[in-house]
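Now for the letters of each chain:
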There are 2 protein chains.
Amino acid sequence: MFSHRVAALRPSPIREILGLVDRPGMVSFAGGLPATDTLPHPRVDLDPTTLQYGPSEGDPALRAVVSENLRGLGIDAPPERVLILSGSQQGIDLVAKLFVDPGTPVAVENPTYLAALQTFRFHGAAFTDLDWTDTPAAPLTYVVPTFANPTGRCATTAERDALARACTDGGVTLFEDDPYRELAYGPCDRTPIAARMRGGSWIYQGSFSKTFAPGLRLGFLAASDDLFPRLVMLKQAVDLHSSSLSQKIVLDAITAGTWPGRLTDLAAFYRRRRDTFDAALHRHFDGHATWSTPDGGLFFWLRLDRPVDTRTLLPEAITRNVAFMPGEEFYAGEPRLGTLRLNFSHADADATERGLRTLADLLTEQ
Amino acid sequence: MFSHRVAALRPSPIREILGLVDRPGMVSFAGGLPATDTLPHPRVDLDPTTLQYGPSEGDPALRAVVSENLRGLGIDAPPERVLILSGSQQGIDLVAKLFVDPGTPVAVENPTYLAALQTFRFHGAAFTDLDWTDTPAAPLTYVVPTFANPTGRCATTAERDALARACTDGGVTLFEDDPYRELAYGPCDRTPIAARMRGGSWIYQGSFSKTFAPGLRLGFLAASDDLFPRLVMLKQAVDLHSSSLSQKIVLDAITAGTWPGRLTDLAAFYRRRRDTFDAALHRHFDGHATWSTPDGGLFFWLRLDRPVDTRTLLPEAITRNVAFMPGEEFYAGEPRLGTLRLNFSHADADATERGLRTLADLLTEQ
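Counting starts from 1 at the beginning of each chain's written sequence and moves along it residue by residue. Whichever chain is written first is A, and whichever ligand is written first is 1; the rest continue in order. Where totals are concerned, whole chains, interfaces and linings use all residues; where local detail is concerned, this predicted model gives features only for residues with pLDDT of at least 70, and gives and counts side-chain atom pairs only at 80 or more. Hydrogens and water are ignored here; the side-chain numbers use all heavy atoms of the structure.

Examining the overall build of chain A
- Under the scheme used here, helices are H or I runs from DSSP no shorter than 4 residues and strands are E runs no shorter than 2 residues, and both carry numbers assigned from the N terminus. Of regular secondary structure, chain A possesses 10 helices and 13 strands.
- For this measure, only C-alpha atoms enter the radius of gyration; the expected value for a globule follows 2.2 Å times N^0.38, where N is the number of residues. On C-alpha atoms alone, chain A measures out to a radius of gyration of 20 Å, which is about the 21 Å that the 2.2 N^0.38 rule sets for 366 residues.
- In terms of principal-axis extent, the alpha carbons of chain A reach across some 55 × 50 × 50 Å.
- Counting every position in chain A, which comprises 366 residues, the buried fraction comes to 64%.
- Throughout, a residue-residue contact means that at least one pair of heavy atoms, one from each residue, lies within 4.5 Å. Nonlocal contacts in chain A, meaning residues at least 24 apart in sequence, comprise 73% of its contacts between residues at least 6 apart.
- Counted as positive: Lys and Arg. Counted as negative: Asp and Glu, with His and the chain ends omitted from the count. The atom standing in for a charge is NZ when the residue is Lys, CZ when it is Arg, CG when it is Asp and CD when it is Glu. Of the side chains in chain A, 36 bear a positive and 44 a negative charge, and the two mean positions are spaced by 2 Å. Burial status follows relative accessibility: with a 1.4 Å probe on protein chains alone, a residue under 20% of its type maximum counts as buried, one over 50% as exposed, and anything between as partly exposed.

Points about the confidence of the model for chain A
- The quantity known as pLDDT measures the predictor's confidence residue by residue, on a range of 0 to 100. Looking at chain A as a whole, the pLDDT averages 92, with 96% of positions reaching at least 70.
- In the predicted complex, the global pTM is 0.94; the interface-specific ipTM is 0.92.

Observations regarding helix H10 (residues 349–365) of chain B
- Expected helix span is given by 1.5 Å per residue-to-residue step, counting one fewer step than there are residues. The terminal C-alpha atoms of H10 of chain B, which comprises 17 residues, lie 24 Å apart, in line with the 24 Å expected from a rise of 1.5 Å per residue.
- Tucked inside the fold, the buried residues of H10 of chain B contact strand E1 (27–28), helix H8 (259–285), strand E10 (299–304), helix H9 (314–319), strand E11 (322–323) and strand E13 (339–343) of chain B.

Details of the nonpolar core
- For this analysis, a nonpolar core means a set of buried residues of the types Ala, Val, Leu, Ile, Met, Phe, Trp, Tyr and Cys, connected via side-chain atoms within 4.5 Å. By size, the foremost hydrophobic cluster in this structure holds 88 residues, and its most contacted members are Leu174 and Phe212 of chain A together with Leu70, Leu174 and Phe212 of chain B.
- For Leu70 of chain B, the contacting residues outside a window of four places in its chain are Ile75, Ala77, Val82, Tyr204, Phe220 and Ala222 of chain B.

Considerations on the side chain of Thr146 of chain B
Residue and element names in this part refer to chain B.
- Inspection of the secondary structure assignment puts Thr146 in the loop between strand E5 (140–143) and helix H5 (157–170).
- Looking at Thr146, the relative accessible area reads 0%, which means it is buried.
- Other than its neighbours up to four places away in sequence, Thr146 contacts Arg153, Cys154, Arg160, Asp178, Tyr180, Arg181 and Arg190.

A look at the sheet that holds E13 of chain B
Residue and element names in this part refer to chain B.
- Any two strands are treated as partners once DSSP identifies two or more bridges connecting them. Read from one edge to the other, the open sheet built from four strands follows the order E9-E10-E13-E12, with strand pairing classed as antiparallel. Of all strands in the sheet, those bounded by a partner on one side alone are strand E9 (289–290) and strand E12 (325–326).
- Only the stretch in contact is used when a helix axis is fitted, and all axes are lines through C-alpha atoms; the angle between N-to-C directions ranges over 0 to 180 degrees. Across the face of the sheet, H8 comes into contact with E9, E10 and E13 while running at roughly 15° to E10.

What to know about the pattern of salt bridges
- We count a salt bridge whenever a side-chain nitrogen from Lys or Arg sits within 4 Å of a carboxyl oxygen from Asp or Glu. The full count for this structure, using the stated rule, is 30 salt bridges over all chains.
- Between Asp93 of chain A and Lys97 of chain B there is a salt bridge, with its nearest N and O atoms 2.7 Å apart. One end of the pair, Asp93 of chain A, is in helix H3 (residues 88–99); the other, Lys97 of chain B, is in helix H3 (residues 88–99), on a second chain. Each member of the pair, Asp93 of chain A as well as Lys97 of chain B, is classed as buried.
- Note that Arg181 of chain B is salt-bridged to Asp178 of chain B, the shortest N-O span being 3.3 Å.
- By relative accessible area, which is 3% here, Asp178 of chain B ends up buried.
- Each of the salt bridges in this network shares a partner with another, and the network as a whole consists of Asp93 and Lys97 of chain A together with Asp93 and Lys97 of chain B.

Considering helix H6 (residues 228–239) of chain A
Residues and elements named next belong to chain A.
- An ideal rise of 1.5 Å per residue puts 16 Å on 12 residues; H6 measures up with 17 Å between its terminal C-alpha atoms.
- Within H6, 10 of the 12 residues are buried, which leaves the element mostly enclosed by the surrounding structure.
- Restricting attention to buried positions, one finds in H6 the residues Phe228, Leu231, Val232, Met233, Leu234, Lys235, Gln236, Ala237, Val238 and Asp239.
- Leu240, located one to two residues past H6, shows a positive phi value of around 65°.

Description of the relation of the copies chain A and chain B
- With an RMSD of 0.0 Å, the operation that places chain A on chain B is a rotation of 180° combined with a shift of 0.0 Å along the axis. The transformation just described matches what one would write down for a two-fold rotation axis. Closest to the rotation axis within chain A is the C-alpha of Val44 of chain A, separated from it by 3.2 Å. Superposing the copies works by least squares over the C-alpha atoms of residues that have pLDDT at least 70 in both of them.

Concerning the pairing of strand E6 (residues 173–177) of chain B
All names here are of chain B.
- In terms of residue burial, E6 counts as a mostly covered element, since five of its five residues are buried.
- Taking every second residue as pointing to the same face, both faces of E6 are buried, with Thr173, Phe175 and Asp177 on one and Leu174 and Glu176 on the other.
- Handedness of the E5-H5-E6 crossover: right-handed.
- Judged from the four bridges that link them, E6 and strand E7 (residues 202–207) form a sheet pairing that is parallel. Note on E7: the bridge partner recorded for Phe175 is Ile203. Looking down the strands as they point away from you, a crossover is right-handed if its path from the first strand over the helix to the second goes clockwise.

Some words on the sheet that holds strand E12 (residues 325–326) of chain A
Residue and element names in this part refer to chain A.
- The strand order across the open sheet built from four strands is E9-E10-E13-E12, with neighbouring strands paired in antiparallel fashion. Edge positions in the open sheet fall to strand E9 (289–290) and E12, since each of these has one partner strand only.
- In this structure, strand E10 (residues 299–304) lies alongside strand E13 (residues 339–343), joined through five bridges in antiparallel fashion. The residue of E13 that forms the bridge with Arg303 is Thr339.

Some remarks on the interface of chain A and chain B
- Contacts between the two partners involve 72 residues from chain A and, on the opposite side, 72 residues from chain B.
- Two parts placed together each lose some accessible area; with a 1.4 Å probe, that loss summed over both constitutes the buried area. The contact between chain A and chain B buries some 5,900 Å² in all, and 61% of this surface belongs to carbon and sulfur atoms.
- Applying the counting criterion to the chain A and chain B interface returns two salt bridges.
- In protein, a polar contact requires one atom able to donate a hydrogen and another able to accept it; more generally it is a pair of N or O atoms within 3.5 Å, and residues adjacent in sequence count only if both atoms are side-chain atoms. On the surface where chain A and chain B come into contact, there are 30 residue pairs in polar contact (both at pLDDT 80 or more).
- For the side of chain A that touches chain B, the secondary structure elements donating two or more residues are helix H1 (13–18), H3, helix H4 (114–122), H6 and helix H7 (244–255) of chain A.

Points about the state of the cysteines
All names here are of chain B.
- Disulfide assignment relies on a single distance test, namely cysteine sulfur atoms paired within 2.5 Å. Taken as a whole and judged by the stated rule, the model has zero disulfides over all chains.
- Sulfur of Cys167: no disulfide; nearest cysteine sulfur belongs to Cys154 and is 17 Å away.
- Overall, the relative accessible area of 1% leaves Cys167 in the buried class.
- Its sulfur unpaired, Cys188 is 3.2 Å from the next cysteine sulfur, which belongs to Cys154.

Put into structure tokens, the structure is as follows:
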């Protein structure tokens, strides 16, 4: 009855768990939620033309500003090759549609963003592990080089250069997903891999969910000449265009004089949260787990000293009012056991202390 | 290099032409655009929680109100089986993903909504003509029974009953697309086919684009038990969830005391536009074309007396500042020549007169 793809459909654990975040008293380290305190209070001037149908590619003024920013990063992205997305998850669906047939190899970091794995898997992708020093053995490679999800890792300059060269020389399409780049707390080379490509095929995408507001569902991509027109046609077929209102609000925000200050404040706010979280981790997990303090992004990636399947801990954790993401979900193939992804941006200091103590107790009892 | 589906990708003529609507002096009969005068001026209270991530299924309060409306139409749609969409085009993509493999038969009216044809075609659908009096020879049937696009036709009570029975008895999934139902100008049976199903598999979808504002990109679907959870998983994978802000604005609008009056006023406004358009058509096309005056929706469907391929007329029409949709684009297979779809909702009386005179002149010159 259903299409052959439907066999690969599984509910997203992130989304299932996000439904629990609103429960009173729940401490959620699960989603990639911005702190609600950081969300903006824009004044919305609802000119009716803002509410009419618009072009599939997006509002020309917004495309121009995005283009300017991307060119500032060194990416070859004129306005006519910028596409506004209904959130960057949409970009993953479009790219999967463009490239992935059943059995098509896709090279990914392992672990990597689980909702990307789900979408590629639904289209039939056969995953291969990305080796940063070698040419990907796949026509398409998906990477989150700057503050990776879930590990928080920032790829080195040498790795970025090598992957750019390998993609160009090997005829591999680079799909670079960069939602966290503005949330930087320590020194690291954030120059996009797409900016290092000399020719070749590439898609670079970003998001306004982390810097502005996820509820507006707005992101963007830029792509090389050979890919862009097809991505626009795919976008037309999935939702005609992204919300004109969201585009107007974001355009107003990012062109306001206050925008650079907002980004600075946001990074400072999340750096403090990271440091608070790191200190609480040391209090409760020293001797039980190891982790690297991330230089950016929204997550700590914990490796427990014992190979517990953390999926089995989640129901009891939720009973005790703490949510987290089992690390096993982020692996393309056989998972490494004993890993957890912990979001540090959403909970305040008290909730963080309470939540981490509860998690540590739960682990000790096992 | 690309997926096998990409061979079926063609640019949407609607979207290409919509890009021309803003040209000064252009009269566009092409898109399904609401009159800009009818668009609302809502006051937006941007509570930050409105800007946070939300559930994939949609805002619970909005789902409850949609459910109540659908139940009022006789559809078995409790709130937990209502999914908020980023416009109803998204529903077509989700249903195509759920059902259509290369070669899967899909029964459609012929002609029918061209962006539905494009999306089904991209997934590999093999179209068969819907015969309202017989069981569709396909596992899935897509229909716009109330003020069809492009013909404006409203299916009869007997046809609706017969298709509901045929789908239930024949194990055919009904996909009913109902964006125009509130724009009714004459008497006709608008009770959904989904409300006539006794068991069986069905999806019913509607839109806020025509009754409120297309730029918010918001629609909804309800589905039978066997389909709903899979549609939610597919929605998660394509954009996580629809704009929280758009959902809040629409919820406020449709629960306000002014909503029923807005619908009445809107129908009265568009009935006048339809009548104005009809009169202008008689002045310029009597003796050259035939048409039925639609009892609802946004379109006249013209059948010329000569089998002109109207696609060949479009470039010259646009040079003369008039846009229309060639009817050939709406056919699943071999098109019937000499047809045009003319939108009557967007242009005012003067523009309508000028545009139809120009089109008639162009046809006479051929």
